[in-house]
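# Close look at the chain arrangement
Here are the chains, one letter per residue:
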Amino acid sequence: MNLKNVLLEVNAMAVDGIIDRYAIGGAVGATFYLEPVATLDIDIFISFKPRTGSLLISPEPLYKYLTERGARIEGEYLIISDWPVQFLPPTGPLVEEALEEAVEVNVEEVRTRVFTAEHLAAIALQTGRPKDKARLLQFLESGILDVERFQHVLERHALLKLWKKFEQQFLEL
Amino acid sequence: MTFEISQIIKSKEAFRKQLAARPVAEKLRVLEELRKRAIAIAVSREEMKQRTAVATSPSALFTA
């Protein structure tokens, strides 16, 4: 499985100290909880170890490390084992928390980290594109969400207004 | 087999649940297959678009 190779490469990067930690998000992350839905790329959220003497974080060491191991750069993506991988820094407190609270999962003996279902659903609500709304509906229909936990995530990140709007649009028929 | 829409929706839901409950590694393999198909569809759509563009361009009409 090519995806397994991607996970091995990302794990190697964490072991070698290039990144601090990581977690899978997006459609691939959602597949850990839901039925698979076609996607073209993998979103991997990462936190960097700050370089000594620098306040700026740079993806350069990551690019250098992976290209030296055979990955190639295509626009915003790094192509690893035929999969376009997008490495994303946390874009705000919600993603930071999602990264912090991500769960460990085994994929054929390879350990990896994935956002919780509640965080994936909250991020989908916050991002708000049509495909994110569809994913959020999938999470709700699957019954996999811990409703109390999801509610707390929404409260902590001021997403209740957005949730109300989503409820009115899709759940109040 | 039925054409009863409520029954069809129910069985679709059941199939989705069954897929969701499969082991993660198996679901990721399905994801890889879906990606290959999505790419193949995108490529053939692009080729079709180009063929249509050639066929309807004025120069193509004159050389036909």
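Residues numbered from 1 in each chain as written. Chains lettered and ligands numbered in written order. Predicted model: local features only at pLDDT ≥ 70, side-chain atom pairs only at ≥ 80, totals over all residues.

Moving on to the overall build of chain A. Looking only at helices and strands, chain A has eight helices and seven strands in total. The globule rule puts the C-alpha radius of gyration for 173 residues at 16 Å, and the 17 Å found for chain A is close to it. Projected onto its principal axes, the C-alpha positions of chain A cover 55 × 40 × 30 Å. When burial is assessed residue by residue, chain A has 34% of its 173 residues classed as buried. (Helix = DSSP H or I, 4+ residues; strand = E, 2+ residues; numbered from the N terminus. Rg over C-alpha atoms; globule rule 2.2 N^0.38 Å. Buried ≥ 20, exposed ≤ 12 C-beta atoms within 10 Å, placed from the backbone.)

Another point: the overall build of chain B. What chain B contains, in helices and strands, is three helices and zero strands. When the helices and strands of chain B are read in sequence order from the N terminus, they spell out α-α-α. When the 64 residues of chain B are sorted by exposure, 6% land in the buried category.

Quick look at the confidence of the model for chain B now. All names here are of chain B. Per-residue confidence for chain B gives a mean pLDDT of 86; residues scoring 70 or more make up 86%. Within chain B, helix α1 (residues 5-20) carries the highest mean pLDDT (91), whereas helix α3 (residues 58-63) carries the lowest (63). For this predicted complex, the interface score ipTM comes out at 0.86, alongside a pTM of 0.88. (pLDDT = per-residue confidence, 0-100.)

In this complex, chain B contributes 14 residues to the contact, which on the side of chain A involves 16 residues. The greatest single-element share of the side of chain B that touches chain A, amounting to 11 residues, is contributed by helix α2 (residues 24-56) of chain B. When grouped by side-chain class, the residues that make up the side of chain B that touches chain A number nine nonpolar, no polar and five charged. (Contact = placed C-beta atoms within 7 Å. Nonpolar A, V, L, I, M, F, W, Y, C, P; charged D, E, K, R; others polar.)

Turning our attention to the domain arrangement of chain A. All names here are of chain A. Taken domain by domain, chain A holds domain 1 (2-115) and domain 2 (118-171). With centres defined by C-alpha atoms, the gap from domain 1 to domain 2 works out at 23 Å. Contacts between the two partners involve 12 residues from domain 1, matched on the other side by 11 residues from domain 2. Put simply, the parts of the chain that give the side of domain 1 that touches domain 2 at least two residues each are α2 (26-31) and α4 (93-100). Tallying contributions element by element places α4 first for the side of domain 1 that touches domain 2, with five residues. Here the side of domain 1 that touches domain 2 is composed, by residue class, of eight nonpolar, two polar and two charged. (Domains from an automatic or database assignment.)

What follows deals with the environment of Q126 of chain A. Residue and element names in this part refer to chain A. Secondary-structure assignment places Q126 in helix α5 (residues 117-127). When the 19 C-beta atoms within 10 Å are taken as the criterion, Q126 is described as partly exposed. In this structure, the C-alpha to C-alpha distance between Q126 and L7, residues 119 residues apart in sequence, is 26 Å. Not counting residues up to four positions away in its chain, the partners in contact with Q126 are L94, L159 and L162.

What follows concerns the nonpolar core. All names here are of chain A. A23, I44 and A121 are the most contacted members of the largest nonpolar core, which totals 49 residues. The element contributing the most residues to this core is α5, with seven residues. Per-domain counts for this core show at least three residues from each of domain 1 (2-115) and domain 2 (118-171). Ignoring any residue separated from it by four or fewer positions in sequence, one finds A121 in contact with L136, F139, L145 and F150. (Core = buried A, V, L, I, M, F, W, Y, C linked by C-beta atoms within 7 Å.)

Residue and element names in this part refer to chain A. Its identity as a non-glycine residue notwithstanding, E108 has a phi of 45°, on the positive side. Position of E108 among the secondary structure elements: in the loop between β6 (103-107) and β7 (110-114). For E108, a count of 14 C-beta atoms within 10 Å translates into the label partly exposed. Positive phi values are uncommon outside glycine, yet A158 reaches one of about 50°. Position of A158 relative to the elements: it lies in the loop between α7 (147-156) and α8 (160-171).

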